[in-house]
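The lines below spell out each chain.
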Amino acid sequence: MASIGNGFYVLIMLVGVVISSLVATCAASFYQDFDLTWGDNRAKIFNGGQLLSLSLDKVSGSGFQSKKEYLFGRIDMQLKLVAGNSAGTVTAYYLSSQGPTHDEIDFEFLGNVSGDPYILHTNVFTQGKGNREQQFYLWFDPTRNFHTYSIIWKPQHIIFLVDNIPIRVFKNAESVGVPFPKNQPMRIYSSLWNADDWATRGGLVKTDWSKAPFTAYYRNFKATEFSSISSNSFSDAALQSNELDAYARRRLRWVQKYFMIYNYCNDPKRFPQGIPAECTR
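Here, residues in each chain are numbered from 1, in the same order as that chain's written sequence. Totals for whole chains, interfaces and linings use every residue, but because this is a predicted model, local features are given only for residues with pLDDT of at least 70 and side-chain atom pairs only at 80 or more, for both listing and counting. The basis for every side-chain value is the complete set of non-hydrogen atoms in the structure, without hydrogens or water.

Student: Teacher, can you tell me more about the environment of Ile261 here?
Tutor: Put simply, DSSP H or I for four residues or longer makes a helix, DSSP E for two residues or longer makes a strand, and each gets a number counted from the N terminus. As for its position among the elements, Ile261 is in strand E15 (residues 260-263). Burial classification: accessible surface area is computed with a 1.4 Å probe over protein chains only, and a residue below 20% of its type maximum counts as buried, one above 50% as exposed, and the rest as partly exposed. Look at Ile261 and you get partly exposed, because its relative accessible area is 36%. Between the C-alpha atoms of Ile261 and His121, which are 140 residues apart in sequence, the distance is 9.8 Å. By definition, residues are in contact when any of their heavy atoms lie within 4.5 Å. Setting aside residues no more than four positions away along its own chain, Ile261 makes contact with Ile119, Gln135, Phe136 and Tyr137.

Below is the structure:
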């Protein structure tokens, strides 16, 4: 009876630990993970810390940043973008370090007039140098529902994902002299701001302030250290290697064939001295 009692006690303790860990996970909120950094009351956290919104009006935009810095791992966030006529607005969601030689991994959503698609603009900065733009249309309306935008950042590569579908891979090309972000921890930033001098059709379409305020919404933030990334994205073997698995590669090709609208590697006019070295890998 004593052994049964001891076993039951151990079981209860284990259940308590599991419940405690679940509670800790559920209790995580925007209040705990982020600071509202600018825009006064245009940035708001509500629903008990489970929902965040950024707004833009003619006076100011707004933004937030993570309390914590990250070095490698997976970052997931669900966004619902500005609906209706969003021309001239940019919703930026990115990782960045600080300083003149900063590293940065960018998602930027370029607004458009009603009925026209958003442009998803991606970029990677290493040691202060960017100019690595790839742009995409999305295969859904990003203003109707929440969708998940993710970054997997490993020493071997950076993967951009939309609803767990890879859209871009930036590989470590240090072997050919291209710096790679691997030494500078980065915070998560997001902002909603007016960029009507360039965002929509190169600045030809201006922000219609009669439609303000413009608002974007965020939920279900998750940051996972690389060592504990689960296998629900790709196979375990793929996560431990430098490559996507076969299914992920097919999805990547599908996106790049049908939805990519700009790739700096295919723009030789920008690079009269030759396309960047990472484009040849």
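Student: Quick question: what am I supposed to make of the sheet that holds strand E4 (residues 62-66) here?
Tutor: Hydrogen bonds between backbone atoms are what pair the strands of a sheet, whose relative direction is either parallel or antiparallel. Judged by pairing direction, the sheet is antiparallel, and its 8 strands sit side by side in the order E1-E4-E13-E6-E7-E8-E9-E15 without closing on themselves. The open sheet has two edge strands, strand E1 (34-38) and E15, and neither has a second partner. Across this sheet, the average inter-strand angle for adjacent strands is 15 degrees, counted without regard to direction. One requirement defines pairing of two strands: DSSP has to find at least two bridges between them. Bridging between E4 and strand E13 (residues 187-194) involves 4 bridges; their strand directions are antiparallel. Paired with Gln65 across the strands is Tyr189, a residue of E13. Axis definition: a line fitted to C-alpha atoms, limited for helices to the stretch in contact. Angles are taken between N-to-C directions and run from 0 to 180 degrees.

Student: What am I meant to see in the pairing of strand E11 (residues 157-162) here?
Tutor: Along any regular strand, the residues point their side chains to alternate faces of the sheet. The element E11 is extensively covered by neighbouring structure, given that 6 of its 6 residues are classed as buried. Side chains of E11 alternate between two faces, with His157, Ile159 and Leu161 and Ile158, Phe160 and Val162 buried alike. Two elements, strand E10 (residues 147-153) and E11, share 5 bridges in a ladder whose sense is antiparallel. Counterpart to Ser150 in the pairing with E11 is Leu161. Taking the residues that link successive antiparallel strands as the turn, the E10-E11 hairpin has 3 residues. Relative to strand E12 (residues 165-171), E11 runs antiparallel, the two being bridged by 6 bridges. In the strand pairing of E12, Ile159 is matched with Val169. The turn joining E11 and E12, which pair antiparallel and follow one another in sequence, is formed by 2 residues; a positive phi near 50 degrees is taken by Asp163.

Student: How do you make sense of the state of the cysteines when you look at a structure like this?
Tutor: When the sulfur atoms of two cysteines share a covalent bond, that bond is a disulfide. Our working definition of a disulfide is a cysteine sulfur pair at a distance within 2.5 Å. Counted according to the given criterion, the structure contains 1 disulfide. There is a disulfide in this structure between Cys265 and Cys279, and the S-S distance comes to 1.9 Å. On the S-S bond that ties Cys265 to Cys279, the torsion sits near -75 degrees, and the link is left-handed. Residue Cys265 is located in the segment after E15, and its partner Cys279 is located in the segment after E15; the two are separated by 14 residues in the primary sequence. With respect to class, Cys265 is no different from Cys279; both count as buried.

Student: Looking at this model, I keep getting lost on the pattern of salt bridges. Mind explaining?
Tutor: Just to be clear on terms, a salt bridge is a Lys or Arg side-chain nitrogen sitting within 4 Å of an Asp or Glu carboxyl oxygen. Enumeration over the complete set of coordinates arrives at 9 salt bridges. Of the charged contacts in the structure, one is a salt bridge between Arg42 and Asp40, with a shortest N-O distance of 4.0 Å. The class of Arg42 is buried, set by a relative accessible area of 15%. Judged by its relative accessible area of 69%, Asp40 is exposed. Here Lys68 ties to Glu225 by a salt bridge, and the two come within 3.3 Å at their closest N and O atoms. Placement of the pair is Lys68 in the loop between E4 and strand E5 (73-80) and Glu225 in the loop between strand E14 (214-224) and helix H3 (236-240), with a sequence separation of 157 residues.

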